[in-house]
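Listed below are the residues making up each chain.
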Amino acid sequence: MSDEMGVLCVVDPYCQWSYGFLPTLIEFWEQHKDEIPFHVACAGLYRDAGVRPLCEIEGLGDTSRQIAEILGAEFGPAYEALLADGSFEMNSLDATRGLAALKDVAPEKTLDLAYAQMKAFFRDGKDLSEPNTYREIATAFELDADAVVDYFRSPVSHSVALQDFAVVHDYGVGSYPAVALVQGHATAALALGATRLADLERAYQYYISPVPRSEEHTSELQSLAYLVCRLLLEKK
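Because the structure is predicted, anything quoted here is derived from the model rather than measured. (Residues numbered from 1 in each chain as written. Predicted model: local features only at pLDDT ≥ 70, side-chain atom pairs only at ≥ 80, totals over all residues. Heavy atoms only, no water.)

**Student:** Hey, could you go over the overall build of the protein for me, with residue numbers and the actual values?
**Tutor:** Scanning the protein from terminus to terminus reveals 10 helices and 4 strands. Along its sequence from the N terminus, the protein presents helices and strands in the succession β-α-β-α-α-α-α-α-α-α-β-β-α-α. For the protein, buried positions account for 47% of its 236 residues. Taking the intrachain contacts of the protein between residues at least 6 apart in sequence as the baseline, contacts between residues at least 24 apart amount to 74%. About 11900 Å² of surface is accessible on the protein, with carbon and sulfur atoms providing 51% of the total. (Helix = DSSP H or I, 4+ residues; strand = E, 2+ residues; numbered from the N terminus. Buried < 20%, exposed > 50% of the residue type's maximum accessible area, 1.4 Å probe, protein only. Contact = heavy atoms within 4.5 Å. Areas by Shrake-Rupley, 256 points an atom, 1.4 Å probe, with all protein chains shown as cover.)

Shown next, in the form of structure tokens:
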């Protein structure tokens, strides 16, 4: 990340809440992409010792139903079949490498590609560790599919994925999806969890507005952010 002010979006390709939140985040990006740079970083939700069969992860089905009800996200029959079988293993390192490959070819479409990647899994039951998954996404977006697959298979994608995880760690993001204004090492949280567009926009305008803030108003906002964090932790 540079010292220029930007919007950091932290998601994970295998995070159900990230999947449900992406349409809102895309709409926010569409509104502000010409005025401030956006950076999308993957959190690495399931990697190393965290890579394990679906049957060993509690509550996935209940969470999917909750997100479908609250956010209208579509969890397809192919994904439901993976849950029922239970043997599939989610690997966020491979998925982050895949998104890195897509971003390298079409950085201006990063959020749309991230959403397509999530739909490939949560709707269509595709394996985000398989090169052909990215070939299909690239073809659908009329991108150079061979270039995407070559990048995915290369050591460069591995290095870029680790850089993503480092960014998330360095900014202290422990819950996602998350959206923050960042400049250098300074951060201001805009969304912690699947936030409504109106609330995301309100937080953004608060921080970029040149109008001076009173200490009392700032304290109220900090208290609200703390409450949101507690609720998210309790939900997880």
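**Student:** An account of the pattern of salt bridges is needed here, citing residue identities and associated values.
**Tutor:** Applying the stated criterion across every chain yields a total of 8 salt bridges. Note that Asp62 and Arg65 form a salt bridge whose closest N and O atoms lie 2.5 Å from each other. Taken together, the residues Asp62 and Arg65, both in helix H2 (residues 60-71) and 3 residues apart, mark about one turn of the helix. Overall, Asp62 belongs to the exposed group, its relative accessible area being 52%. Relative accessible area serves as the criterion here: at 51%, Arg65 is assigned to the exposed category. Between Arg135 and Asp146 there is a salt bridge; the shortest N-O distance is 2.8 Å. Here Arg135, found in helix H6 (residues 131-140), pairs with Asp146, found in helix H7 (residues 145-153); they are 11 residues apart in sequence, far enough to count as distant. With a relative accessible area of 31%, Arg135 lands in the partly exposed category. Through salt bridges with shared partners, one network takes in Arg196, Asp199 and Arg202. (Salt bridge = Lys/Arg side-chain N within 4 Å of Asp/Glu carboxyl O.)

**Student:** Outline the confidence of the model for the protein, listing residues and values.
**Tutor:** Overall, the prediction assigns the protein a mean pLDDT of 90, with 88% of residues at 70 or greater. Here residues 223-236 is modelled with pLDDT under 50, and outside its nearest four sequence neighbours on either side it reaches 9 contacts, counting other chains as well. (pLDDT = per-residue confidence, 0-100.)

**Student:** A description of the nonpolar core should follow, citing residues and the corresponding values.
**Tutor:** Ranked by size, the top nonpolar core spans 66 residues in total, and within it Met90 and Phe121 carry the most contacts. Here the element with the most residues in this core is helix H1 (residues 16-32); it accounts for 8 residues. With near-sequence residues (within four places) excluded, Phe121 lies in contact with Tyr14, Tyr79, Leu82, Phe88, Met90, Lys126 and Leu128. (Core = buried A, V, L, I, M, F, W, Y, C linked by side-chain atoms within 4.5 Å.)

**Student:** Could you give an account of the pairing of strand E3 (residues 178-183), with specific residues and numbers?
**Tutor:** Counting buried positions along E3 gives 5 out of 6 residues, so the element sits mostly inside the fold. Strand direction decides the pairing type here: strand E1 (residues 6-11) and E3, joined by 5 bridges, are antiparallel. Along E3, the bridge assignment pairs Gly6 with Val182. Counted along the chain from E3 to the antiparallel partner strand E4 (residues 186-192), the turn is 2 residues long, and its residue Gly184 has a positive phi close to 65 degrees. (Pairing = 2+ DSSP bridges.)

**Student:** Outline the packing of H1 against helix H5 (residues 110-122), listing residues and values.
**Tutor:** The interhelical angle for the contact between H1 and H5, taken along N-to-C directions, is 155 degrees, at an axis separation of 10 Å. It follows from the interaxial angle that H1 and H5 lie roughly antiparallel. Judged by the twist between their axes, the crossing of H1 over H5 is left-handed. Contacts between H1 and H5 involve Gln16, Ser18, Tyr19, Leu22, Pro23, Leu25, Ile26 and Trp29 on the former and, on the latter, Leu111, Asp112, Tyr115, Met118, Lys119 and Phe122. Of the residues belonging to the contact of H1 with H5, the class tally is 10 nonpolar, 2 polar and 2 charged. (Axes fitted to C-alpha atoms, helices over the stretch in contact; angles between N-to-C directions. Parallel < 35°, antiparallel > 145°, perpendicular 65-115°, else oblique. Left-handed = near helix turned anticlockwise from the far one by under 90°. Nonpolar A, V, L, I, M, F, W, Y, C, P; charged D, E, K, R; others polar.)

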